[in-house]
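Observations on the three-dimensional arrangement
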Amino acid sequence: MAWVLLIVAGLLEVGWSIGMKFTEGFTRLWPSVFTGLGIVASMVLLAQAAKTLPIGTAYGVWVGIGAAGAAVVGMLVLDEPVTAARIFFVCLLLVAVVGLKATSGH
C-alpha cells in the first residue's frame with residue numbers, strides 16, 4: 001500500500017509543479033488554491049508512505065516521479081523543448097526510480 005501512496009504522491013507532485021506555471025507567481029487565486037492543495041496532498045501521502053518505506057527511497061522516488069513527470073508534461077503540453085538530451089535524462093530519472101524501488105527491500 002505504501003508504494004501506491006507514493007506513486008499517487010509523485011503524480012500529485014507533477015500536478016502541483018505544473019500548476020505553479022499557471023499561478024503566475026501565486027497571483028491567480030484558483031490556480032494557486034489548487035496548486036496549494038496539491039502540495040499538501042502530495043506531502044501527506046509522501047509522509048504516509050515514509051512510515052514504512054526507507055525515507056531515502058520514498059523521497060527519491062517521489063522526486064523522480066515529479067521531476068520526470070513535469071518534464072514530460074512540459075514537453076507534451078506546454079511546448080517546452082523536446083531534445084534527445086532531455087529525453088535521455090528523463091529516461092535516466094526513470095531508471096533511478098526503478099532502481100530505488102528494486103533495491104528498497106520492500
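Residues numbered from 1 in each chain as written. Predicted model: local features only at pLDDT ≥ 70, side-chain atom pairs only at ≥ 80, totals over all residues. Heavy atoms only, no water.

Under an unreviewed UniProt entry, the chain has the name Multidrug efflux SMR transporter and belongs to Streptomyces genisteinicus. Looking at the Sequence similarities (unreviewed entry) heading of the UniProt record, one finds this comment for the chain: "Belongs to the drug/metabolite transporter (DMT) superfamily. Small multidrug resistance (SMR) (TC 2.A.7.1) family." (UniProt positions renumbered as here; feature names shortened; annotations may be inferred.)

**Considerations on a nonpolar patch on the surface**
Residues Leu 29, Trp 30, Val 33, Phe 34 and Leu 37 make up a contiguous nonpolar surface patch of about 560 Å² in total accessible area. Structurally, Phe 34 can be placed in helix α2 (residues 29–49). Residue class for Phe 34 comes out exposed when judged on its relative accessible area of 56%. (Patch = residues over 30% accessible without salt bridge, like charges linked within 9 Å, V, L, I, M, F, W, Y side chains within 5 Å. Areas by Shrake-Rupley, 256 points an atom, 1.4 Å probe, with all protein chains shown as cover. Salt bridge = Lys/Arg side-chain N within 4 Å of Asp/Glu carboxyl O. Helix = DSSP H or I, 4+ residues; strand = E, 2+ residues; numbered from the N terminus. Buried < 20%, exposed > 50% of the residue type's maximum accessible area, 1.4 Å probe, protein only.)

**Let's talk about the nonpolar core**
Core analysis: the largest hydrophobic core is formed by 14 residues, its most contacted members being Leu 6, Leu 53, Val 61 and Trp 62. Elements with a minimum of two residues in this core: α1 (2–23), α2 and α3 (55–77). Per element, the largest residue contribution to this core is five residues, and it comes from α1. (Core = buried A, V, L, I, M, F, W, Y, C linked by side-chain atoms within 4.5 Å.)

**Overview of the packing of aromatic side chains**
A complete count under the given rule lists three aromatic pairs for this structure. Between Trp 30 and Phe 34 the ring centres are 6.2 Å apart and the planes differ by 40°, which places this aromatic pair in the tilted class. Separated by four residues within a single helix, Trp 30 and Phe 34 lie in helix α2, roughly one turn from each other. Judged by centre distance (5.1 Å) and plane angle (70°), the rings of Phe 88 and Phe 89 are edge-to-face. Overall, Phe 88 belongs to the partly exposed group, its relative accessible area being 46%. Taking NZ or CZ as reference, Lys 101 lies 4.7 Å from the ring centre of Trp 3, over its face. (Phe/Tyr/Trp six-rings, centres within 6.5 Å; stacked < 30°, edge-to-face > 60°. Lys NZ or Arg CZ within 6 Å of the ring centre and 35° of its normal.)

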